[in-house]
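Structure assessment
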Amino acid sequence: MLGFNEVKIAPSLLAADFGNLAEAAGEVAVATDWLHIDVMDGHFVPNLTVGPPVVASLRKHSGAFFDCHLMMTNPGDHLESFQRAGASSVTVHVEVGGIGEVIEEMNRLGLGVGLACNPDTPFAVAEPFLERIDLLLLMTVFPGFGGQAFMPQVLPKIAEARRVIDERGLPVAVEVDGGIDLRTVSDTAAAGARVFVAGSAVFSHEQPWKAVEELRDRAIEAIKASA
Ligand code: DX5
Ligand code: ZN
């Protein structure tokens, strides 16, 4: 799914114009082959966004890796719809429970397997699943809205995840999401993140592709400096 320790910037379409998503996807395509799609159900989080029909429509315009972040209470009921719509990987929240079964279903469907933790969920809750996932998403804001302030309290958890994943030699990508900008991309990269979701920082930039390149350069600098 992702080269070990490879750095990726995943622009979050949540910060794009929902009336022009294909155009937004095109604006970043020269700089990254990932797109982060935030799915909110109005129950697990107090907000509503998009679902499989929008993913399917977008798939006609983009060959990117669709990193679908399911902020949903019952993700298991919708995995097949997301797979049919063209999702590449699907990330479910560990807080919803029943994760073992959901992972089995994702494997059956050939989806990349992501597991997300809210800022106040300890790493220990996700740790038993590390051998069975491709991506660990550590939220750096409480999910539900774009444009929130980064929570530095999550940095020790990122470092802990990095240490355990490296100790076990697992090919799990550590992703961060929420308040990622030119400053916090460095902090999270130094702590051990390798995939960086950025909404506002990318789509509020006049040239979104340039914002992606700047974020990636900063991340790589910080990783080199911390090595
Ligand atoms: C928050 C979403 C994020 C969000 C990030 O619930 O999961 O992906 O779009 O947006 P920024 O980068 O603006 O914090
Ligand atoms: Zn997200």
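Bear in mind that the values here come from a model prediction, so they are computed numbers and not experimental data. (Residues numbered from 1 in each chain as written. Chains lettered and ligands numbered in written order. Predicted model: local features only at pLDDT ≥ 70, side-chain atom pairs only at ≥ 80, totals over all residues. Heavy atoms only, no water.)

Attention now goes to the site of ligand 1. Surrounding ligand 1, one finds 20 residues, the nearest of these being Asp38, Gly144, Asp177, Gly199 and Ser200. Here an oxygen atom of ligand 1 and a backbone polar atom of Gly147 are 2.9 Å apart. Note that an oxygen atom of ligand 1 is positioned 2.8 Å from one of the backbone N or O atoms of Gly199. Considering ligand 1 on its own, with 380 Å² of exposed area, one finds that the protein chains cover 99% of that surface. Secondary structure elements with two or more residues in the shell around ligand 1: strand S2 (34–40), strand S3 (65–71) and strand S8 (195–198). (Near = heavy atom within 4 Å. Polar contact = N/O pair within 3.5 Å; in protein donor to acceptor, adjacent residues only side chain to side chain. Areas by Shrake-Rupley, 256 points an atom, 1.4 Å probe, with all protein chains shown as cover. Helix = DSSP H or I, 4+ residues; strand = E, 2+ residues; numbered from the N terminus.)

Turning next to the sheet that holds strand S4 (residues 89–93). With respect to topology, eight strands assemble into an open sheet ordered S1-S8-S7-S6-S5-S4-S3-S2, the strand pairing being parallel. The two strands at the open ends of the sheet, each matched to only one other strand, are strand S1 (8–11) and S2. For this sheet the average axis-to-axis angle between neighbouring strands, irrespective of direction, equals 25°. Of the pairings in the sheet, the one linking S4 to strand S5 (residues 112–117) comprises five bridges and is parallel in character. (Pairing = 2+ DSSP bridges. Axes fitted to C-alpha atoms, helices over the stretch in contact; angles between N-to-C directions.)

Scanning the entire structure with this criterion turns up ten salt bridges. Glu6 is paired through a salt bridge with Lys8; the nearest N and O atoms lie 3.3 Å apart. Here Glu6 falls in the partly exposed class, since its relative accessible area comes to 33%. Between Glu167 and Arg163 there is a salt bridge, with its nearest N and O atoms 3.3 Å apart. Residue Glu167 and its partner Arg163 are both found in helix H6 (residues 155–168); the two are separated by four residues, about one turn of the helix. When salt bridges with common partners are traced through the structure, they connect Glu80, Arg84, Glu105 and Arg108 into a single cluster. (Salt bridge = Lys/Arg side-chain N within 4 Å of Asp/Glu carboxyl O. Buried < 20%, exposed > 50% of the residue type's maximum accessible area, 1.4 Å probe, protein only.)

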